[in-house]
Amino acid sequence: MAEHKRKKRGRPTRRDRRETSETRPDDEGEIRLNKYVARAGVCSRRKADALIDQGLVKVNGEAASEYWYQVQPGDVVEVNGRVISPRQFIYILLNKPKDTITTTSDERGRKTVMDLVHLPAGEGDGLFPVGRLDRDTTGTLLLTNDGELAHRLMHPRHEIMKRYVVQTRRAVKPHEIDQLKRGIDLDDGLARVDQIAYVRPPNHHEIGIEIHEGRNRQVRRMIEALGHEVVSLERVAYAKLTTARVRRGKWRRLVSHEIRRLRKLVHLK
Ligand code: URA
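These notes cover the structure that comes with them. All values reported here derive from a predicted model rather than from experimental measurement.

Rules used throughout
- Residues numbered from 1 in each chain as written.
- Predicted model: local features only at pLDDT ≥ 70, side-chain atom pairs only at ≥ 80, totals over all residues.
- Near = placed C-beta within 6 Å.
- Helix = DSSP H or I, 4+ residues; strand = E, 2+ residues; numbered from the N terminus.
- Domains from an automatic or database assignment.
- Buried ≥ 20, exposed ≤ 12 C-beta atoms within 10 Å, placed from the backbone.
- Arc of directions from axis to C-beta.
- Contact = placed C-beta atoms within 7 Å.
- Pairing = 2+ DSSP bridges.
- Core = buried A, V, L, I, M, F, W, Y, C linked by C-beta atoms within 7 Å.

### Description of the site of the ligand
Argument step 1. By nearness alone, every residue bordering the ligand is listed as Leu133, Asp134, Thr137, Arg217, Gln218, Val219, Arg220 and Leu233.
Argument step 2. Sort the elements by how many residues they give to the shell around the ligand and helix α6 (residues 218-225) lands first, with three residues.
Argument step 3. Both domains that furnish three or more residues to the shell around the ligand are identified here as domain 2 (91-156 + 242-265) and domain 3 (161-238).

### A closer look at unusual backbone geometry
Argument step 1. Cis rather than trans, the peptide bond between proline 201 and proline 202 has omega equal to 15°.
Argument step 2. Here proline 202 shows up in the loop between β13 (195-198) and β14 (206-211).
Argument step 3. The phi torsion at glutamate 159 lies on the positive side, around 45°, for a residue other than glycine.
Argument step 4. Looking at the secondary structure, you find glutamate 159 in the loop between α4 (147-154) and β10 (162-168).
Argument step 5. Take glutamate 159: there are 12 C-beta atoms within 10 Å of it, and that puts it in the exposed class.

### A closer look at helix α3 (residues 45-53)
Argument step 1. Restricting attention to buried positions, one finds in α3 the residues Arg45, Ala48, Asp49 and Ile52. For α3, the arc enclosing every buried residue in end-on projection is 105°, short of the 170-degree limit, so these residues lie on one face.

### Things to note about the environment of valine 231
Argument step 1. Relative to the elements of secondary structure, valine 231 occurs in strand β15 (residues 230-238).
Argument step 2. Overall, valine 231 belongs to the exposed group, with 12 C-beta atoms counted inside 10 Å.
Argument step 3. Expressed as a C-alpha distance, the spacing of valine 231 and threonine 168, which sit 63 residues apart in the sequence, is 5.1 Å.
Argument step 4. Every residue in contact with valine 231, bar those within four places of it in the chain, is listed here: Gln167, Thr168 and Arg169.

### Considering the pairing of β15
Argument step 1. Relative to β15, strand β9 (residues 137-144) runs parallel, the two being bridged by three bridges. Residue pairing in the sheet places glycine 139 in a bridge with arginine 235 of β15.
Argument step 2. Bridging between β10 and β15 involves seven bridges; their strand directions are antiparallel. Bridge pairing in β15 links tyrosine 164 to arginine 235.

### Some words on the nonpolar core
Argument step 1. Counting 18 residues, the largest nonpolar core has Leu94, Leu141, Leu142, Leu143 and Leu153 as the members making the most contacts within it.
Argument step 2. Those elements that place two or more of their residues in this core are β7 (91-96), β9 and α4.
Argument step 3. If you tally residues by element for this core, the top one is β7, at four residues.
Argument step 4. In this view, leucine 94 contacts Val113, Leu116, Val117, Leu141, Leu143 and Trp251; residues no more than four positions away in its chain are not counted.
Argument step 5. In this structure, Leu33, Val37, Val57 and Val77 belong to the second largest nonpolar core, which totals 15 residues.

Below, the structure written as structure tokens:
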């Protein structure tokens, strides 16, 4: 690594490592080695640090020893002997229709959310849905190949807001709304709502629910625990992103300020 330009001296603490890898901007045309590895879709930045520590990452044929090394244009980076290069991240907001599975592939050949997103060859490599919606749940679903962002958005620590509209066969009584506000005891623990209201009072068959947890079938289970039948469930917002202007089954790319906002939300630069 003698010829490699070093940006920093001394061995940083874990805290330094965390702060610098997440908050320091890249210099023009350069990209920090751990980020480069993560952007190539090899693993997260943290795991990249470990690979670098183990000497498994080479820059221009030599084992790299510093995760803060700034990869220069023209550098050749290898992980486990394979040359890697960062890919362009893409961020897709899909308005998921019914009868579609939230997965990258289905061994039973059922229609998946991936079947709805057509991108130029190569551009969609590594794309996957961020979290999941049930087969018959419709609405806002984010897909990306930015693994680090996706994993943070899915981590309960970040308490990402999800808003749903649920339609029920029978009217939901005001005292049941109060029960939902207090929390519903499910078999995997108490499930709470952050906000709840009738969407169009005095219609009591349609309620808006905001939660930040992402447990499996959480909304359906909460409603069903009160003896109600769910007629339809739509996610109308995810992390304040909505598909209000996207027709069912269609998608759009996020625009840069939306991507910046998402990254900020989960403390990524
Ligand atoms: N809660 C559910 O019950 N289903 C979904 O698809 C999403 C949240």
